[in-house]
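The lines below spell out each chain.
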Amino acid sequence: MIAEEKVMTISKVEGPAGTRQRRLWRHLKKAPLSAWIGIAIVLAYMAVALLAPWIAPHGETEVVGGQYDPWSDEFLLGTDQLGRDMLSRLIYGARNTISVALMTTSIAFVLGTGLGLLAATVGGWVDQLFSRVVDVIMAIPQLIFALLLLSIFGTSVVNLVLIIAVLDSTRLFRVSRSVALNVTVLDFVEAARLQGEGTIWIMVREILPNILAPIIAEFGMRFCFVFLTIAALSFLGLGIQPPTADWGSMVRENATLINYGDITPLLPAGAIALLTIGVNFIVDWFLHITSGLKE
Amino acid sequence: MNLILKIVFQRLGLGVLTLIAVSAVIFSAIQMLPGDFASAILGQSATPETVKAFQHQIGLDKPAVQRYWEWIGGVAHGDFGYSFSSAGSLGGGHDRAVSDIIVPRLKNTLILASLAAVVAVPCALLLGILAALYRNSFFDRFVNSFSLAWISFPEFFIAYILMLYLSVKFQFLPSLASVSNDSGIGDYLVKCALPAMTLVLVTLAHMMRMTRTALVNLMSTPYVEMARLKGASRFRLICLHALPNAWAPIANVIALNLAYLVVGVVIVENVFVYPGIGQLMVSAVASRDIPVVQACALIFAATYILLNLTADIIGIVTNPKLLHRR
């Protein structure tokens, strides 16, 4: 949904290798507050996810207290419906939730961008075939299609990752194909073709470096979307399965507490929201830079 | 005028083609079922005879193409086949038609979605136009970053925040939307209020951002610049110059978001236990009741396609460039 409102343009962030870091630093120094907030949020989440076993006071699935114990010194955020420490599960949840979303987005990215590049480079019936298949897949709302496929293949993490990755790669296919089409008509690609370079070489060495900026931005947006979709499916009980600590399912498992005015179930949902905001802020800034500061 | 009609018919034809392709994809879902599916549904104790009877009942012993035509023909008459939930009792129990399960719930979902749309669409258009009008002002910047943050929220987060404050802490509204067929309009509205509000909040930010982008893009075109240079007022500029050309993108935005509403409904209905088609679909997925899932998927997909089709046609019909043949 976010993708449609942003117009992608090919830009030239790639410079001589030596100045690239300095240029990055110059952009960083000029970055707006929102971008800094975004970077801080993402770094903090990465730290928590990587260091989970050392930060968490208790084990991921360890039963340490009674059901729904309130916040206390021993259990800073109380315990959940089985008596597991809420804070520890939140911390481990960062690891599980983010890694599943990252894995899914990466598969989608490789698949979508690869096929998109191939379609743009080869053209002809290959392009037609891929594009029409993608049209049909995109005509069905993604969450609905995911639900349909999950009901057929059953709910498991592997199925979840593969299904969402395939469905989401259609968006990346569209973007990478359309930006790559602008590049394939340029002279240096023609020169490479005449020189007798293979399709793979042209795709990876000639076209890819020139469309990197827009598709990296798209990667960020897709990550947000995939992250929210997986959270939604887990929340519905069809995504990541217990006893794995995962933010979406934690909201579902502890939702009854809301009726007693307890905000604990909102914490995992808030954690999801905060990370998505962070990534969105960074992507927004990145798009602003790569669109050549048009405004 | 001929040109417009021609394009409209082309677009309609494309829409019908898409519908057929999508229905074929949804239908072929049952084709992709793993082999041991019948025993998974019927339980471990199923005898080879019951498995065979079950496969006969869902028609797996007939060729796929024939089954597709039977299925799509049934759908055209409002017959979606029978729910698997009745398959367990193949011997005695009576079959439950999918359409009987879906129809009352579809009505509930439509009421909820249209309630949300009636509030969200005008608000979003107004806010988007205002943000575009006062572009780069404090109002615009505030609305922009706020809505960027807002679209990052998962639906259930917003739903539970509303539930916590409006129904638990201050007890304005009931937290569960347990409507039934005999509830009166007032009762219905009160119970629908929280889910509808969630849907409004979820779609508002998206719709507003897209309206703003569509208008801002237009505002930078030469003919708007021209109008500004000749001294037209801001109001005149937006309403008489920019808006006629913006109908297509705005119609697109609205359709996209109504489509988004259709999906958001799935989650919101589950949070508030609202007896709609989204909740039905999720429970059908959990119990792997494929005919019900297929029917729901087809309804959602058809709605989505029709909304996009409508937006495209509005875009074509309101496009001033097509009025005059070159």
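Not measured: the values here are computed from a predicted model. (Residues numbered from 1 in each chain as written. Chains lettered and ligands numbered in written order. Predicted model: local features only at pLDDT ≥ 70, side-chain atom pairs only at ≥ 80, totals over all residues. Heavy atoms only, no water.)

Moving on, we come to the interface of chain A and chain B. Residue-level contacts link 48 residues of chain A with 50 residues of chain B. Applying the counting criterion to the chain A and chain B interface returns 0 salt bridges. Mapped by element, the contributors of at least two residues to the side of chain A that touches chain B are helix H5 (124-138), helix H6 (142-153), helix H9 (199-235), helix H10 (247-254) and helix H11 (266-290) of chain A. For the side of chain A that touches chain B, the residue count by class is 34 nonpolar, 8 polar and 6 charged. (Contact = heavy atoms within 4.5 Å. Salt bridge = Lys/Arg side-chain N within 4 Å of Asp/Glu carboxyl O. Helix = DSSP H or I, 4+ residues; strand = E, 2+ residues; numbered from the N terminus. Nonpolar A, V, L, I, M, F, W, Y, C, P; charged D, E, K, R; others polar.)

All names here are of chain A. The full count for this structure, using the stated rule, is 8 salt bridges over all chains. Put simply, Asp 135 and Arg 174 hold a salt bridge, and the shortest N to O gap is 2.4 Å. Taken as a pair, Asp 135 in helix H5 and Arg 174 in helix H7 (residues 157-184) lie far apart in primary sequence, 39 residues in all. Residue Arg 174 is classed as partly exposed on the basis of its relative accessible area, which comes to 37%. Here Asp 168 ties to Arg 222 by a salt bridge, and the two come within 2.9 Å at their closest N and O atoms. Of this pair, Asp 168 sits in helix H7 while Arg 222 is found in helix H9, placing the two residues 54 residues apart along the sequence. (Buried < 20%, exposed > 50% of the residue type's maximum accessible area, 1.4 Å probe, protein only.)

This next bit is on the nonpolar core. Counting residues in hydrophobic clusters, the biggest one holds 155 residues, and the most contacted among them are Trp 247 of chain A together with Ile 26, Phe 156, Tyr 160, Val 271 and Met 281 of chain B. It is helix H10 (residues 234-271) of chain B that provides the largest number of residues to this core, a total of 18 residues. Two domains each put at least three residues into this core: domain 1 (25-95) and domain 2 (99-323) of chain B. Once residues lying within four places of it in the same chain are set aside, the contact partners of Met 281 of chain B are Ile 144, Leu 147 and Leu 148 of chain A together with Val 293, Cys 296, Ala 297 and Phe 300 of chain B. Counting 13 residues, the second largest nonpolar core, distinct from the first, contains Leu 117, Val 179, Ile 211 and Ile 215 of chain A. (Core = buried A, V, L, I, M, F, W, Y, C linked by side-chain atoms within 4.5 Å. Domains from an automatic or database assignment.)

So, on to the environment of Phe 142 of chain B. Topologically, Phe 142 of chain B is positioned in helix H6 (residues 138-150). Sequence separation of Phe 142 of chain B and Cys 192 of chain B is 50 residues, and the distance between their C-alpha atoms is 30 Å.

Close reading of the predicted structure is inappropriate where its pLDDT is low. Residue and element names in this part refer to chain A. Taken residue by residue, chain A gives an average pLDDT of 84. The fraction at 70 or more is 92%. Taking the mean pLDDT of every element in chain A, the minimum, 74, falls on helix H1 (residues 17-30) and the maximum, 92, on helix H4 (residues 86-122). Below pLDDT 50 for its whole length, residues 1-15 participates in 47 contacts with residues either more than four positions away or in separate chains. (pLDDT = per-residue confidence, 0-100.)

Another point: unusual backbone geometry. Residues and elements named next belong to chain B. Residue Val 273 is not a glycine yet carries a positive backbone phi of 50°. Locating Val 273 in the fold gives a position in the loop between H10 and helix H11 (277-286). On the basis of relative accessible area, Val 273 is assigned to the partly exposed category, the value being 40%.

Mapped onto the elements of the fold, Thr 276 of chain A is located in helix H11. A relative accessible area of 1% places Thr 276 of chain A in the buried class. If we ignore the near neighbours within four places in the chain, the residues touching Thr 276 of chain A are Cys 224, Phe 227 and Leu 228 of chain A together with Ser 152 of chain B.

With that settled, the discussion passes to H6 of chain A. All names here are of chain A. With 12 residues, H6 extends 16 Å between its outermost C-alpha atoms, agreeing within 8% with the 16 Å of an ideal straight helix rising 1.5 Å per residue. Across the 12 residues that make up H6, a large majority, 11, are buried. Listed as buried for H6 are Gln 142, Leu 143, Ile 144, Phe 145, Ala 146, Leu 147, Leu 148, Leu 149, Leu 150, Ser 151 and Ile 152. At the exit of H6 stands Gly 154, carrying a positive phi of roughly 85°. (Expected span 1.5 Å × (residues − 1).)

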